[in-house]
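Structural overview
In case you want the letters, here they are:
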Amino acid sequence: MRKTIRLFFVAALSVAGIILPASATIVQAGARDGVVVLKSRYSVDETVTKIKGSVAEKGIMLFDDIDQARLGNAAGNKVRPSRLILFGNPALGTTFITANPVAGLDWPVRVLVYEAKDGTVRVAYTDFNWIARRHGITSREKEFKMASEVIKAVTDPVHQ
């Protein structure tokens, strides 16, 4: 049943023109609504290296690479590998902020690379159509479509 619902949801997104990888999962659970999770075929460090390489090769600005596990472990918490990569194109990203300043909460783009409990490596990011709905932005359809294509291009090299 769950697989059928997922397939229906992915099909509905495809019909709507939202392109997601076949193995993508959009988590729909309250505050996590709109989260796209992909499975990586590489380790956390290799995944981060490939994503950062993809960002650089596309001429996108890399803002930060935050090693959440290192920070958490140093604070006394046992944290599995987890890295938050922040990047973006100011010319594109700030168009959302001009439509609604609160959209700055979702810019720059964030990609989380983490090791799940089962040892697999996952890549997670917020779906751009969900971001548009979250902030009530209806005047930037072309830009949100472009942002969706960029995140897909950045994450494609690592996902299974």
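Residues numbered from 1 in each chain as written. Predicted model: local features only at pLDDT ≥ 70, side-chain atom pairs only at ≥ 80, totals over all residues. Heavy atoms only, no water.

Let's shift gears to the overall build of the protein. Along its length, the protein carries six helices and six strands. Ordered by position in the sequence, the α and β elements of the protein form the string α-β-β-α-β-α-β-α-β-β-α-α. Considering the protein as a whole, with its 160 residues, one finds that 39% of them fall into the buried category. Here the analysis covers contacts within the protein between residues at least 6 apart in sequence; of these, 61% occur between residues at least 24 apart. Carbon and sulfur atoms provide 58% of the accessible area of the protein, an area that totals close to 9,100 Å². (Helix = DSSP H or I, 4+ residues; strand = E, 2+ residues; numbered from the N terminus. Buried < 20%, exposed > 50% of the residue type's maximum accessible area, 1.4 Å probe, protein only. Contact = heavy atoms within 4.5 Å. Areas by Shrake-Rupley, 256 points an atom, 1.4 Å probe, with all protein chains shown as cover.)

Now for the pattern of salt bridges. Overall, the coordinates contain seven salt bridges when judged by the stated rule. A salt bridge links K58 to E57; the nearest nitrogen and oxygen atoms lie 3.5 Å apart. One salt bridge connects D106 with R134, and the closest N-O pair in it is separated by 3.0 Å. Highlighted residues: D106 in the loop between helix 4 (90-99) and strand 5 (109-115) and R134 in helix 5 (residues 128-134), separated in sequence by 28 residues. In this structure D106 comes out as buried when scored by relative accessible area, which is 10%. We classify R134 as partly exposed; its relative accessible area is 43%. Here the salt bridges share partners, and the residues they tie into one network are D45, K52, D65 and R83. (Salt bridge = Lys/Arg side-chain N within 4 Å of Asp/Glu carboxyl O.)

Bridging between strand 4 (residues 82-88) and strand 5 involves six bridges; their strand directions are antiparallel. Bridging from a neighbouring strand, F87 pairs with V109 of strand 5. Across four bridges, the pairing between strand 5 and strand 6 (residues 121-126) is antiparallel. Looking at the pairing, V113 lines up with V123 of strand 6. Hairpin remark: strand 5 followed by strand 6, antiparallel, with five residues in the connecting loop; positive phi at G119, about 90°. (Pairing = 2+ DSSP bridges.)

The subject of this paragraph is unusual backbone geometry. Note the cis peptide between W107 and P108, where omega equals 5°. Looking at the element boundaries, P108 is found in the loop between helix 4 and strand 5.

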